[in-house]
Amino acid sequence: MSVQTEKQTTDNPKIIGKLLLVVVAMFGFGFALVPLYDVFCDITGLNGKTGDKVHFETAPIVDESRLVKITFLASLNESMPWEFKPQQNFIEVHPGKPTTINYIARNMSSKSIVGNAVPSVSPGLAAAYFQKTECFCFTRQELKAGEEKIMPVTFIVDSELSDDINEIALSYTFFISKQNNEDLADNTLTAKSINTFK
Amino acid sequence: MNAVVEEHHDHDHKPTGIGRWLFSTNHKDIGSMYLWFAFTMFFIGGALALLIRAELFQPGMQIVEPEFFNQLTTLHGLIMVFGVIMPAFVGLANWQLPMMIGAPDMALPRMNNWSFWLLPAAFGLLLASLVMSIMGLGSAPNFGWTFYAPLSTTYGPDSTDYFIFSVHLMGISSVMGAINVIATIMNLRAPGMTYMKMPIFVWTWFITAYLLIAVMPVLAGVVTMMLTDRNFGTSFFDAAGGGDPVMFQHVFWFFGHPEVYIMILPAFGIVSSIVPTFSRKPLFGYSSMVYATASIAFLSFIVWAHHMFTVGMPVAGELFFMYSTMLIAIPTGVKVFNWISTMWRGALTFETPMLFAIAFIFLFTMGGFTGLMLCIAPADFQYHDTYFVVAHFHYVLVTGAAFSIMAAVYFWLPKWTGNMYDEKLGKLHFWLTCISANVLFFPMHFVGLAGMPRRIPDYALQFAEFNQIASVGAFVFGFSQLIFLYVVIKCVRGGEKATDKVWEGAHGLEFDLPSPAPFHSYTTPPVVK
Amino acid sequence: MRAVTRPLGLVCLLLASSPTLAEYQLNLEPGVTITSQNAYDIHQIVMWICVVIGIVVYGVMTYSILTHTKARGHKPATFDDNLTVEILWTVIPVLILIGMAIPATSALLAMEDVSDSDMSIKVTGYQWKWHYDYVGEDVSFFSNMNTPMEQIKNLEAKGENYLLEVDNKIVVPVDQKIRFLFTSNDVIHAWWVPAFGVKKDAIPGYINESWARIDEPGIYRGQCAELCGANHGFMPIVVEAKSEEDYLAWLGEKKTAQAAAAESGNKVWTMDELMAHGETAYNTSCAACHQVGGEGLPNVFPGIKGSAIATGDVAKHIDVVVNGVAGTGMQAFGAQLNDADLAAIITYERNAWGNNAGDMVQPSEIKAAR
């Protein structure tokens with residue numbers, strides 16, 4: 001007993017200290033996974049996340065020899081009382097050529113609503129090569145009651161895009177912005193009090 | 001058990017009354033509390049499972065509403081994982097580690113007390129939400145034990161916050177338990193017991209403790225993110241605010257896969273203690289067992305995305321996770337081969353612990369085979385989220401982990417109580433359990449392959465027959481456990497006196513101590529040659 | 001596998017007296033696409049390898065259990081190590097695994113080749129139904145389970161396709177590469193048709209894709225595979241594959257029908273018409289949560305029977321149904337149903353189950369309120 005008691009007093013605090021350090025580090029690592037995941041997505045195109053606004057210093061090289069078919073999709077998250085659709089469903093573009101297309105959104109409700117559009121590209125591997133120079137998804141969009149708005153996107157498909165990919169789908173989903181007008185906040189409160197199924 | 005222990009060991013000066021348990025710092029008392037806690041939870045979680053199986057006995061909605069059915073599957077999973085398997089293993093560690101390494105007690109006895117008493121608090125919170133749900137005061141967690149966002153964040157019931165706090169408490173408890181195990185193993189080994197002389201059970205727990213320390217904080221992180229997403233306006237998992245629900249799954253399974261091995265490595269240790277005892281032959285390939293355990297633990301960190309092949313990953317990612325998962329089959333195979341070689345040319349006897357250990361090897365290997373099938377990505381798209389997966393992980397966790405815990409209890413109960421358990425009843429318990437578990441889980445392979453998704457309260461008619469069989473198995477399995485309870489209580493209260501060595505082929509320091517083991521295990525450290 | 005497990009299945013059948021005589025199935029189905037056939041083949045290969053390994057391993061173990069026993073007076077050996085066998089049982093599994101990995105890799109690469117599609121269908125998961133949008137064709141519709149509640153509550157005999165039938169199935173042509181694009185309106189769902197070998201998560205805000213080239217005409221059924229809330233078990237998928245001409249004919253009809261439905265918003269309906277159409281539309285779109293009798297589920301889905309909204313101000317009632325209630329399970333049905341459906345549902349809700357607001361709502365009022 002005596003031998004061990006001696007050992008305990010010298011070693012235990014050290015071991016606990018080290019292990020607690022690991023615990024704290026791993027707790028931090030859990031949170032570090034958030035930015036790491038974004039970096040990982042950028043590199044691998046995981047989940048079809050597209051990047052932010054791209055600036056070109058010089059005009060990109062246009063690859064006239066191939067065409068890539070782009071499909072445009074529009075979705076609304078639940079309880080978003082808008083109408084939202086692309087002006088055209090498909091387009092064929094040469095990689096490297098800047099192209100602009102329009103989406104149309106209309107607020108069907110009787111109040112002003114702020115929304116933000118979340119972009120997504122499939123296949124995921126194409127996401128890194130789908131570069132937007134102008135997009136309504138970069139900022140929040142406010143539509144007054146009944147207002148209709150044309151929302152343009154300008155993009156370039158990088159000519160480095162793998163030859164295996166000749167079709168890309170671009171999707172936008174409009175969500176009600178969390179920083180919306182007070183009307184909606186009130187609505188949420190009443191909803192909560194009558195309905196526990198949030 | 002107290003009665004017997006007290007009678008024989010008055011010189012231990014142990015505290016009496018409720019204070020003995022509330023303020024206990026003794027590894028045996030705390031171990032017993034952990035085991036009884038797990039046993040209680042086993043019956044609660046089992047009752048929920050029986051409700052699930054009763055609802056699924058026939059097509060159509062009979063007993064519960066779909067919403068409540070989801071609460072049942074969620075709480076069944078959470079209770080069995082965090083409330084049964086994990087605490088039972090910690091209880092076994094508490095009882096056995098000090099005896100096996102020749103120590104008087106755990107290294108950090110007061111922390112030991114705290115880590116146990118957090119558990120009833122954690123599960124009190126979780127079960128309170130179920131009680132409130134039954135009373136019609138809201139909904140208990142209803143998003144599955146994997147609690148994928150946004151079902152658990154934006155769409156979670158109010159009780160989700162209870163659940164988050166409960167998971168935090170469980171995490172703190174596990175981390176403290178793990179620190180205690182590591183400190184005990186590093187500091188309190190008897191003179192001469194080098195790392196490569198430690199019993200395999202000690203080794204597997206040593207590695208498990210490191211896994212716990214590495215991944216429980218990640219789980220704490222993910223539920224903290226949920227908490228802030230739900231209540232403080234962050235958007236970790238909410239696409240509306242720039243987050244990503246798929247990231248939830250990545251972070252969750254980064255915890256979740258090592259968690260799976262946390263629930264099976266100690267089982268390997270138990271089986272590796274029992275098989276040599278009843279084969280009367282030393283464990284085959286001790287060092288390869290240790291290395292195999294360590295490699296399984298390492299691999300568990302790089303396979304997580306095989307749980308989520310259908311979320312849409314680049315092909316390279318799918319290939320990586322498929323290959324890395326296949327690798328796990330190698331060390332796992334080594335273990336199974338080692339156990340069989342231990343039995344080979346031994347002199348086998350088949351007492352209840354050995355029966356459970358043999359059933360473990362058979363049935364865990366079944367779970368291993370289906371695991372191998374599941375990791376094959378192109379086929380996994382068909383298996384994913386079906387009853388085939390349910391069959392797989394119940395083979396691994398029930399006939400694997402839970403069987404090993406039952407084996408361990410029968411194996412060491414005479415040492416703990418000083419009395420032999422009732423062998424006849426033990427064998428009856430084994431055969432009922434083993435047969436009914438297969439009647440319960442084997443048909444799930446068929447309905448899964450035939451296309452029945454998991455977590456559904458009602459199903460199409462072509463799945464009816466096998467679901468009915470499974471439900472019959474479930475009820476036999478559930479009620480057979482009452483025999484186990486009876487055997488344990490009977491053994492604690494008395495019975496034929498156990499010898500110090502208990503089993504003819506027993507080896508290890510715990511079997512050098514008298515039966516029942518003294519309150520403070522080794523007050524003078526033994527010398528290991 | 002069938003040969004081995006059939007007898008076992010039959011034994012099990014004898015043990016359990018079955019109330020139904022539905023067909024049962026023990027193994028994966030080969031399906032009707034190259035993806036599902038690849039999955040089936042690789043499943044068979046790996047399963048049989050496992051069976052063979054199992055026979056060897058279990059065989060050795062059983063032999064040992066039967067012969068090396070104390071009861072038979074077997075004297076225990078003392079060996080505890082053997083380098084040769086340890087190397088062997090590490091190397092042989094590695095070789096077997098490589099043997100499995102090769103076909104698995106090629107099947108996976110074939111499956112993930114999404115290029116050169118002939119047509120695209122956007123599939124959106126909702127709590128708890130599917131929405132299909134034939135991209136570029138102006139045809140889109142919701143697909144709800146239409147198994148009657150009476151069957152689910154065991155008040156009526158269950159039909160052949162119990163829980164696997166819908167009001168609007170999707171129709172697709174055979175022998176064309178169909179690209180499915182998945183997303184979700186609320187939580188994560190997963191679209192699964194076993195016969196196609198297609199299972200992909202539908203994730204809110206994100207897009208996923210998969211494809212199928214169907215070999216044979218027929219009706220194929222599937223289900224949502226990812227837990228998505230209370231009625232997760234009640235959102236089936238039904239796909240009918242037809243020849244190219246039949247498909248085009250169906251597409252034409254569907255377009256005409258959708259135009260007619262849009263027209264119906266312009267006429268003035270009678271109370272009886274509204275109530276009759278309202279009952280059907282309510283049972284399709286609303287009853288999953290609010291229940292057929294309008295009583296809702298306590299603490300989960302509020303009742304409509306006797307509720308303040310359904311018996312009070314019409315404008316408020318229309319607002320809740322059309323625009324939804326943010327932060328709750330109540331979706332904005334304005335985006336999902338046409339004016340006639342909405343008007344009928346609201347009228348029905350105000351006048352059914354003892355609610356007696358007495359008023360009716362015309363499609364034109366919905367149009368004005370949008």
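Please read all numbers here as calculations on a predicted model, not as lab measurements. (Residues numbered from 1 in each chain as written. Chains lettered and ligands numbered in written order. Predicted model: local features only at pLDDT ≥ 70, side-chain atom pairs only at ≥ 80, totals over all residues. Heavy atoms only, no water.)

**Observations concerning the overall build of chain B**
The criterion, for reference: In this description a helix means any DSSP run of H or I spanning at least four residues, a strand means any run of E spanning at least two, and both kinds are numbered starting from the N terminus. The quantity called the radius of gyration is restricted to C-alpha atoms. Its globule counterpart is 2.2 Å times the number of residues to the power 0.38. Relative accessibility thresholds used throughout: buried, under 20% of the residue-type maximum; exposed, over 50%; partly exposed, between the two (1.4 Å probe, protein chains only). Exposure was quantified through the Shrake-Rupley algorithm and a 1.4 Å probe, taking into account, for residues, occlusion by the shown protein chains and nothing else. When charges are tallied, Lys and Arg are placed among the positive residues and Asp and Glu among the negative ones, while His and the ends of the chain are skipped. To locate a charge, take NZ of a lysine, CZ of an arginine, CG of an aspartate or CD of a glutamate.
Each helix and strand counted, chain B has 16 helices and 0 strands in total. Relative to the compact-globule value of 24 Å for 529 residues, chain B shows a C-alpha radius of gyration of 23 Å, a close match. Summarising its shape, the C-alpha atoms of chain B cover approximately 65 × 50 × 45 Å along the three principal directions. Counting over 529 residues, chain B shows a buried share of 75%. Roughly 14,400 Å² of accessible area belongs to chain B as shown, and the carbon and sulfur atoms make up 72% of that amount. Distance between charge centroids for chain B: 14 Å, based on 22 positive and 28 negative side chains.

**What about the sheet that holds strand S2 (residues 129-134) of chain C?**
Residues and elements named next belong to chain C. Rule in force here: Criterion used throughout: strands pair if DSSP finds at least two bridges between them. Comment: axis = line fitted to C-alpha atoms, over the contacting stretch for helices; angle = value between 0 and 180 degrees taken between N-to-C directions.
Read from one edge of the open sheet, 5 strands run S3-S2-S1-S5-S8, paired in mixed fashion. Strands at the two margins of the open sheet, each flanked by one partner only, are strand S3 (139-143) and strand S8 (208-213). The mean angle between the axes of side-by-side strands here comes to 20 degrees, regardless of whether they run parallel or antiparallel.

**Some thoughts on the packing of aromatic side chains**
Rules: Each Phe, Tyr or Trp ring, with Trp reduced to its six-membered ring, pairs with another whose centre is within 6.5 Å; inter-plane angles below 30 degrees give stacked pairs, above 60 give edge-to-face pairs, and intermediate values give tilted ones. Geometrically, a lysine NZ or arginine CZ counts as sitting over a ring once it is within 6 Å of the ring centre and also within 35 degrees of the ring normal.
Applying the stated criterion across every chain yields a total of 89 aromatic pairs over all chains. Seen in terms of ring centroids, A:Phe31 and B:Phe236 are 6.1 Å apart; in terms of plane orientation they differ by 70 degrees. Their pairing is edge-to-face. Placement of the pair is A:Phe31 in helix H1 (residues 2-44) and B:Phe236 in the loop between helix H7 (200-231) and helix H8 (245-262), with the two residues belonging to separate chains. Overall, A:Phe31 belongs to the partly exposed group, its relative accessible area being 27%. Judged by centre distance (5.4 Å) and plane angle (50 degrees), the rings of C:Tyr134 and C:Trp250 are tilted. Placement of the pair is C:Tyr134 in strand S2 and C:Trp250 in helix H5 (residues 244-263), with a sequence separation of 116 residues. Each member of the pair, C:Tyr134 together with C:Trp250, is buried. Note that C:Lys129 overlies the ring of C:Phe142, its terminal NZ or CZ placed 5.5 Å from the centroid. It is C:Lys254 that lies over the ring of C:Phe141; its NZ or CZ is 4.4 Å from the centre.

**Considerations on the sheet that holds strand S4 (residues 99-107) of chain A**
Residue and element names in this part refer to chain A. Taking strand neighbours across the sheet as the criterion, the 4 strands line up as S2-S4-S8-S6 in an open arrangement whose pairing is antiparallel. Both outer strands of the open sheet, strand S2 (82-86) and strand S6 (130-135), are each paired with one neighbouring strand and no more. In this sheet, adjacent strand axes meet at a mean angle of 25 degrees when their direction is disregarded. Pairing between S6 and strand S8 (residues 148-157): 5 bridges, direction antiparallel. In the sheet register, Cys135 faces S8, and the bridge partner there is Val153.

**Things to note about unusual backbone geometry**
Of the consecutive residues B:Ser515 and B:Pro516, the connecting peptide bond is found in the cis state with omega at -10 degrees. Residue position: B:Pro516 is located in the segment after helix H16 (464-493). Cis geometry is found at the peptide bond from C:Gln127 to C:Trp128, where omega equals 0 degrees. Inspection of the secondary structure puts C:Trp128 in the loop between strand S1 (119-126) and S2.

**Some details on the packing of helix H3 (residues 27-55) of chain B against helix H5 (residues 109-134) of chain B**
Residues and elements named next belong to chain B. Condition: Any angle from 65 to 115 degrees is called roughly perpendicular, while one under 35 is roughly parallel, one over 145 is roughly antiparallel, and all others are oblique. Handedness of a crossing follows from how the near helix is turned relative to the far one, being left-handed for an anticlockwise turn of less than a right angle and right-handed for a clockwise one. Contacts between residues were defined by any pair of non-hydrogen atoms, one from each residue, lying within 4.5 Å. Each residue is assigned to one of three groups, with Ala, Val, Leu, Ile, Met, Phe, Trp, Tyr, Cys and Pro labelled nonpolar, Asp, Glu, Lys and Arg labelled charged, and all others, Gly among them, labelled polar.
Between H3 and H5, the least distance of the axes is 10 Å, while the angle of their chain directions is 15 degrees. Classified by the angle between their axes, H3 and H5 sit roughly parallel to one another. As H3 packs across H5, the resulting crossing turns out to be left-handed. Here His27, Ile30, Met33, Tyr34, Phe37, Met41, Ile44 and Leu48 of H3 come into contact with H5, specifically with Pro109, Asn112, Asn113, Ser115, Phe116, Trp117, Leu119, Pro120, Phe123, Leu127 and Leu130. Here the residues of the contact of H3 with H5 are counted per class, giving 15 nonpolar, 4 polar and no charged.

**Examining the domain arrangement of chain C**
Quite often, the size of an interface is put as the accessible area lost when its parts meet. All names here are of chain C. Threshold: These domain limits were set by an automatic method or by a database of domain assignments. Buried area, as used here, totals the accessible surface that two parts lose on assembly, with accessibility defined by a 1.4 Å probe and the loss added over both. Each salt bridge in this description consists of a side-chain nitrogen of Lys or Arg and a carboxyl oxygen of Asp or Glu lying within 4 Å of one another.
What the domain assignment lists for chain C is domain 1 (23-111), domain 2 (119-262) and domain 3 (268-369). One C-alpha centre belongs to domain 1, the other to domain 2, and the line joining them spans 38 Å. Every contact between the two is made by 10 residues of domain 1 and, on the other side, 11 residues of domain 2. In total, about 810 Å² of surface goes out of reach between domain 1 and domain 2, with carbon and sulfur atoms giving 54% of it. The largest per-residue losses of area from domain 1 upon contact with domain 2 belong to Glu29, Val32 and Thr33, which jointly make up 58% of the total buried on that side. Applying the counting criterion to the domain 1 and domain 2 interface returns 0 salt bridges. The set of elements that each furnish at least two residues to the side of domain 1 that touches domain 2 consists of helix H2 (34-67) and helix H3 (83-111). The element best represented in the side of domain 1 that touches domain 2 is H2, accounting for 4 residues. In terms of residue class, the side of domain 1 that touches domain 2 is made up of 4 nonpolar, 5 polar and 1 charged.

**A short note on the interface of chain B and chain C**
Threshold: Pairing of N or O atoms within 3.5 Å defines a polar contact, subject to two protein rules: one partner must be a possible hydrogen donor and the other a possible acceptor, and residues neighboring in sequence count only if both atoms are side-chain atoms.
Contacts between the two partners involve 98 residues from chain B, matched on the other side by 104 residues from chain C. For the chain B face of the interface with chain C, the top three residues by lost area are B:Gln382, B:Leu461 and B:Glu465, together amounting to 8%. Applying the counting rule to chain B against chain C returns 1 salt bridge. Applying the counting rule to chain B against chain C returns 28 residue pairs in polar contact (both at pLDDT 80 or more). Ranked by residues supplied to the side of chain B that touches chain C, first place goes to helix H11 (residues 315-343) of chain B with 15 residues. When the residues that make up the side of chain B that touches chain C are grouped by side-chain class, the tally is 60 nonpolar, 25 polar and 13 charged.

**Some details on the state of the cysteines**
Residues and elements named next belong to chain A. Basically, it comes down to this: Counting rule for disulfides: a pair of cysteine sulfur atoms within 2.5 Å.
Tallied over the full model, the rule gives 1 disulfide over all chains. For Cys135, the disulfide goes to Cys137, at an S-S distance of 2.4 Å. Note on the Cys135 and Cys137 pair: the S-S dihedral is about 130 degrees, so by sign convention the disulfide is right-handed. What makes Cys135 buried here is its relative accessible area of 5%.

**Focus: the nonpolar core**
Side chains of a nonpolar character, in soluble globular proteins, are inclined to be buried together. Spelled out, the test is: What makes a nonpolar core is a set of buried Ala, Val, Leu, Ile, Met, Phe, Trp, Tyr and Cys residues whose side-chain atoms join them at distances within 4.5 Å.
Residues B:Phe82 and C:Trp191 are the most contacted members of the largest nonpolar core, which totals 302 residues. Residues A:Ala127, A:Leu143, A:Phe155 and A:Phe174 belong to the second largest nonpolar core, which totals 33 residues.

**A word on the interface of chain B and chain A**
Between chain B and chain A, the residue contacts involve 51 residues of the former and 34 residues of the latter. Summing both partners gives a buried area of about 3,600 Å² for chain B against chain A, and 66% of it is carried by carbon and sulfur. Along the contact surface separating chain B from chain A lie 0 salt bridges. On the surface where chain B and chain A come into contact, there are 3 residue pairs in polar contact (both at pLDDT 80 or more). Within the residue set of the side of chain B that touches chain A, elements represented by two or more residues are helix H6 (160-187), H7 and H8 of chain B. Per element, the largest residue contribution to the side of chain B that touches chain A is 10 residues, and it comes from H7(B). Partitioned by chemical class, the residues of the side of chain B that touches chain A number 30 nonpolar, 15 polar and 6 charged.

**Describing the environment of A:Lys144**
For A:Lys144, the position within the fold is in the loop between strand S7 (141-143) and S8. The contacts of A:Lys144, once residues within four sequence positions are left out, are A:Asn107, A:Lys111 and A:Ser112.

**Focus on the side chain of B:His27**
As for its placement among the helices and strands, B:His27 is situated in helix H3. Engagement of the side chain of B:His27 in a polar contact is seen with the backbone oxygen of B:Asn94, the distance being 2.6 Å.

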